[in-house]
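Here's the letter readout for the chains.
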Amino acid sequence: MGIAKDLKILSENIIDTEIMNKVSIEFINQQIIKCKTKMDSGDYDGAITNARTLVEEILLNIEEEIESSRQSYDGNINALYKRVSKLINMYPDDKRVDNSLNEILMGFLAIINGFASISNNIADRHATAKHPKQHHAKIAVNSAMVICEFLLDSFEYQQKTN
(Lines give C-alpha, C1' and ligand atoms only; values in the text may rest on other atoms or scores of the structure.)
Protein backbone atom coordinates (compact mmCIF):
# COMPACT_ATOMS: atom_id res chain seq x y z
CA MET A 1 0.00 0.00 0.00
CA GLY A 2 2.83 2.40 0.82
CA ILE A 3 4.42 2.07 -2.62
CA ALA A 4 1.09 2.40 -4.43
CA LYS A 5 0.14 5.42 -2.33
CA ASP A 6 3.55 7.05 -2.90
CA LEU A 7 3.10 6.55 -6.64
CA LYS A 8 -0.39 8.05 -6.32
CA ILE A 9 -1.91 4.87 -7.79
CA LEU A 10 -4.19 4.30 -4.81
CA SER A 11 -5.90 6.51 -2.32
CA GLU A 12 -6.34 5.30 1.23
CA ASN A 13 -9.20 2.95 0.39
CA ILE A 14 -10.45 3.30 -3.16
CA ILE A 15 -8.70 3.61 -6.49
CA ASP A 16 -9.35 6.70 -8.53
CA THR A 17 -11.44 6.12 -11.63
CA GLU A 18 -13.02 8.22 -14.32
CA ILE A 19 -16.47 6.62 -13.98
CA MET A 20 -18.13 9.82 -12.79
CA ASN A 21 -16.73 11.62 -15.83
CA LYS A 22 -18.05 8.95 -18.20
CA VAL A 23 -21.58 8.57 -16.86
CA SER A 24 -23.60 11.49 -15.56
CA ILE A 25 -26.40 9.44 -14.04
CA GLU A 26 -26.96 10.67 -10.50
CA PHE A 27 -27.66 7.19 -9.10
CA ILE A 28 -24.29 5.90 -10.33
CA ASN A 29 -22.48 8.91 -8.92
CA GLN A 30 -24.26 8.41 -5.60
CA GLN A 31 -23.06 4.79 -5.43
CA ILE A 32 -19.45 5.86 -5.98
CA ILE A 33 -19.72 8.53 -3.29
CA LYS A 34 -21.40 6.05 -0.92
CA CYS A 35 -18.60 3.52 -1.50
CA LYS A 36 -15.98 6.13 -0.62
CA THR A 37 -17.90 7.51 2.36
CA LYS A 38 -18.64 4.08 3.79
CA MET A 39 -15.05 2.92 3.37
CA ASP A 40 -13.82 6.04 5.16
CA SER A 41 -16.33 5.61 8.00
CA GLY A 42 -15.67 1.89 8.48
CA ASP A 43 -19.05 0.73 7.15
CA TYR A 44 -17.51 -2.10 5.15
CA ASP A 45 -20.78 -4.04 4.88
CA GLY A 46 -22.43 -1.04 3.25
CA ALA A 47 -19.46 -0.31 0.98
CA ILE A 48 -19.67 -3.83 -0.47
CA THR A 49 -23.41 -3.48 -1.03
CA ASN A 50 -22.94 -0.14 -2.81
CA ALA A 51 -20.13 -1.61 -4.93
CA ARG A 52 -22.44 -4.38 -6.11
CA THR A 53 -25.20 -1.85 -6.78
CA LEU A 54 -22.73 0.24 -8.81
CA VAL A 55 -21.85 -2.76 -10.99
CA GLU A 56 -25.54 -3.59 -11.46
CA GLU A 57 -26.43 -0.05 -12.46
CA ILE A 58 -23.50 0.28 -14.89
CA LEU A 59 -24.52 -2.99 -16.53
CA LEU A 60 -28.18 -1.98 -16.70
CA ASN A 61 -27.22 1.41 -18.10
CA ILE A 62 -25.08 -0.08 -20.88
CA GLU A 63 -27.80 -2.58 -21.71
CA GLU A 64 -30.40 0.18 -21.81
CA GLU A 65 -28.25 2.20 -24.21
CA ILE A 66 -27.95 -0.79 -26.55
CA GLU A 67 -31.52 -2.09 -26.29
CA SER A 68 -33.16 1.38 -26.12
CA SER A 69 -35.08 0.48 -22.98
CA ARG A 70 -34.43 -0.80 -19.46
CA GLN A 71 -34.61 -4.60 -19.46
CA SER A 72 -36.06 -6.65 -16.64
CA TYR A 73 -33.66 -7.56 -13.87
CA ASP A 74 -34.35 -10.10 -11.16
CA GLY A 75 -31.26 -9.43 -9.04
CA ASN A 76 -29.14 -12.18 -10.62
CA ILE A 77 -25.94 -10.21 -11.22
CA ASN A 78 -24.24 -13.19 -12.90
CA ALA A 79 -26.96 -13.45 -15.55
CA LEU A 80 -26.97 -9.67 -16.02
CA TYR A 81 -23.20 -9.59 -16.52
CA LYS A 82 -23.37 -12.44 -19.02
CA ARG A 83 -26.15 -10.67 -20.98
CA VAL A 84 -24.36 -7.34 -21.13
CA SER A 85 -20.87 -8.67 -21.74
CA LYS A 86 -22.18 -10.59 -24.74
CA LEU A 87 -23.85 -7.43 -26.07
CA ILE A 88 -20.53 -5.58 -26.00
CA ASN A 89 -18.42 -8.54 -27.18
CA MET A 90 -16.64 -8.88 -23.85
CA TYR A 91 -17.74 -12.39 -22.89
CA PRO A 92 -14.76 -14.75 -22.58
CA ASP A 93 -16.04 -17.32 -25.08
CA ASP A 94 -16.09 -14.77 -27.91
CA LYS A 95 -13.69 -16.11 -30.56
CA ARG A 96 -13.10 -12.57 -31.88
CA VAL A 97 -11.43 -11.58 -28.62
CA ASP A 98 -7.72 -12.29 -28.15
CA ASN A 99 -7.08 -15.29 -25.91
CA SER A 100 -4.98 -13.32 -23.41
CA LEU A 101 -7.80 -10.79 -23.01
CA ASN A 102 -10.24 -13.68 -22.59
CA GLU A 103 -8.25 -14.76 -19.53
CA ILE A 104 -8.83 -11.36 -17.93
CA LEU A 105 -12.52 -11.49 -18.90
CA MET A 106 -12.79 -14.90 -17.21
CA GLY A 107 -11.38 -13.22 -14.11
CA PHE A 108 -14.12 -10.60 -14.37
CA LEU A 109 -16.69 -13.42 -14.42
CA ALA A 110 -15.17 -14.82 -11.24
CA ILE A 111 -15.27 -11.39 -9.59
CA ILE A 112 -18.92 -10.89 -10.57
CA ASN A 113 -19.69 -14.32 -9.13
CA GLY A 114 -17.85 -13.25 -5.99
CA PHE A 115 -20.07 -10.16 -5.72
CA ALA A 116 -23.14 -12.37 -5.70
CA SER A 117 -21.66 -14.40 -2.89
CA ILE A 118 -19.98 -11.74 -0.75
CA SER A 119 -22.89 -9.33 -0.85
CA ASN A 120 -25.22 -12.10 0.34
CA ASN A 121 -22.89 -13.55 2.97
CA ILE A 122 -20.97 -10.70 4.62
CA ALA A 123 -22.39 -7.43 3.31
CA ASP A 124 -25.51 -5.70 4.59
CA ARG A 125 -27.96 -7.05 1.99
CA HIS A 126 -29.08 -9.77 4.42
CA ALA A 127 -28.84 -10.40 8.14
CA THR A 128 -25.57 -12.14 8.91
CA ALA A 129 -23.29 -12.86 11.84
CA LYS A 130 -20.20 -12.31 9.70
CA HIS A 131 -18.93 -8.87 8.80
CA PRO A 132 -16.19 -7.90 6.37
CA LYS A 133 -12.92 -6.33 7.38
CA GLN A 134 -11.45 -3.32 5.60
CA HIS A 135 -9.34 -5.42 3.24
CA HIS A 136 -12.41 -7.43 2.19
CA ALA A 137 -14.36 -4.29 1.39
CA LYS A 138 -11.37 -2.68 -0.30
CA ILE A 139 -10.93 -5.54 -2.78
CA ALA A 140 -14.68 -5.63 -3.48
CA VAL A 141 -15.03 -1.88 -4.01
CA ASN A 142 -11.84 -1.55 -6.04
CA SER A 143 -12.76 -4.56 -8.20
CA ALA A 144 -16.15 -2.98 -8.89
CA MET A 145 -14.51 0.29 -9.89
CA VAL A 146 -12.06 -1.42 -12.27
CA ILE A 147 -14.71 -3.59 -13.90
CA CYS A 148 -17.15 -0.69 -14.29
CA GLU A 149 -14.54 1.57 -15.82
CA PHE A 150 -13.38 -1.16 -18.22
CA LEU A 151 -16.96 -1.90 -19.30
CA LEU A 152 -17.67 1.79 -19.85
CA ASP A 153 -14.44 2.30 -21.78
CA SER A 154 -15.15 -0.75 -23.95
CA PHE A 155 -18.72 0.33 -24.60
CA GLU A 156 -17.62 3.87 -25.44
CA TYR A 157 -14.93 2.56 -27.80
CA GLN A 158 -17.43 0.32 -29.59
CA GLN A 159 -19.88 3.21 -29.95
CA LYS A 160 -17.18 5.31 -31.62
CA THR A 161 -16.03 2.56 -33.99
CA ASN A 162 -19.47 1.37 -35.10
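Residues numbered from 1 in each chain as written. Predicted model: local features only at pLDDT ≥ 70, side-chain atom pairs only at ≥ 80, totals over all residues. Heavy atoms only, no water.

> Just to check I follow, could you spell out the overall build of the protein chain for this structure?
A count of helical and extended segments in the protein chain gives seven helices and zero strands. Put simply, the protein chain has 162 residues, and 42% of those count as buried. Here the contacts in the protein chain between residues at least 6 apart in sequence split such that 59% fall between residues at least 24 apart. (Helix = DSSP H or I, 4+ residues; strand = E, 2+ residues; numbered from the N terminus. Buried < 20%, exposed > 50% of the residue type's maximum accessible area, 1.4 Å probe, protein only. Contact = heavy atoms within 4.5 Å.)

> Please explain the nonpolar core as it appears in this structure.
Within soluble globular proteins, side chains that are nonpolar generally end up buried alongside one another. Membership of the largest hydrophobic core comes to 36 residues, with the highest contact counts inside it found for Val-55 and Ile-62. Every residue in contact with Val-55, bar those within four places of it in the chain, is listed here: Ile-77, Ile-112, Phe-115, Ala-144 and Cys-148. (Core = buried A, V, L, I, M, F, W, Y, C linked by side-chain atoms within 4.5 Å.)

> I would appreciate a short explanation of helix H5 (residues 77–87) in the present structure.
In an α-helix there are 3.6 residues to a turn, and that puts residues three or four apart on one side. Taken as a whole, H5 has its buried residues at Ile-77, Leu-80, Tyr-81, Val-84 and Ser-85. One side of H5 carries all its buried residues, which in axial view fall inside an arc of 120 degrees. Capping the start of H5, Asn-76 holds a side-chain oxygen 3.1 Å from the backbone nitrogen of Asn-78, two or three residues further along. Looking one or two residues past H5, Asn-89 carries a phi angle of roughly 55 degrees, positive in sign. (Arc of directions from axis to C-beta. Polar contact = N/O pair within 3.5 Å; in protein donor to acceptor, adjacent residues only side chain to side chain.)

> Looking at this structure, I do not really get the packing of aromatic side chains. What am I missing?
The geometry of an aromatic ring pair comes down to the distance between the two centres and the angle between the two planes. All chains considered together, the criterion is met by one aromatic pair. Considering the side-chain rings of Phe-108 and Phe-150, the 5.5 Å spacing of their centres and the 75 degrees angle between planes classify their relative orientation as edge-to-face. Of the two residues, Phe-108 is situated in helix H6 (residues 99–121) and Phe-150 in helix H7 (residues 134–161); the sequence distance between them amounts to 42 residues. The positively charged end of Lys-86 is found above the aromatic ring belonging to Tyr-91, 5.0 Å away from the centroid. (Phe/Tyr/Trp six-rings, centres within 6.5 Å; stacked < 30°, edge-to-face > 60°. Lys NZ or Arg CZ within 6 Å of the ring centre and 35° of its normal.)

> How should unusual backbone geometry be read in this particular structure?
The bulk of non-glycine residues show a negative phi, and the bulk of peptide bonds are trans. Here Ser-68, not a glycine, exhibits a phi torsion of approximately 70 degrees, which is positive. If you trace the backbone, Ser-68 turns up in the loop between helix H4 (44–67) and H5. Residue Ser-68 is classed as exposed on the basis of its relative accessible area, which comes to 66%. Backbone geometry at Asn-89 places phi at a positive 55 degrees, although glycine is not the residue there. Topologically, Asn-89 is positioned in the loop between H5 and H6.

> Sorry, what's going on with the packing of H4 against H5 here?
Any two packed helices are characterised by how steeply their axes cross, that is the angle between the axes, and by the distance between the axes. Relative orientation of the contacting elements H4 and H5 amounts to 40 degrees, with a least axis distance of 10 Å. If you check the angle between H4 and H5, you find them oblique. In the packing of H4 onto H5, the handedness of the crossing is left-handed. Residues Arg-52, Val-55, Glu-56, Leu-59, Leu-60, Ile-62, Glu-63, Ile-66 and Glu-67 of H4 pack against Ile-77, Leu-80, Tyr-81, Arg-83, Val-84 and Leu-87 of H5. Of the residues belonging to the contact of H4 with H5, the class tally is 10 nonpolar, no polar and five charged. (Axes fitted to C-alpha atoms, helices over the stretch in contact; angles between N-to-C directions. Parallel < 35°, antiparallel > 145°, perpendicular 65-115°, else oblique. Left-handed = near helix turned anticlockwise from the far one by under 90°. Nonpolar A, V, L, I, M, F, W, Y, C, P; charged D, E, K, R; others polar.)

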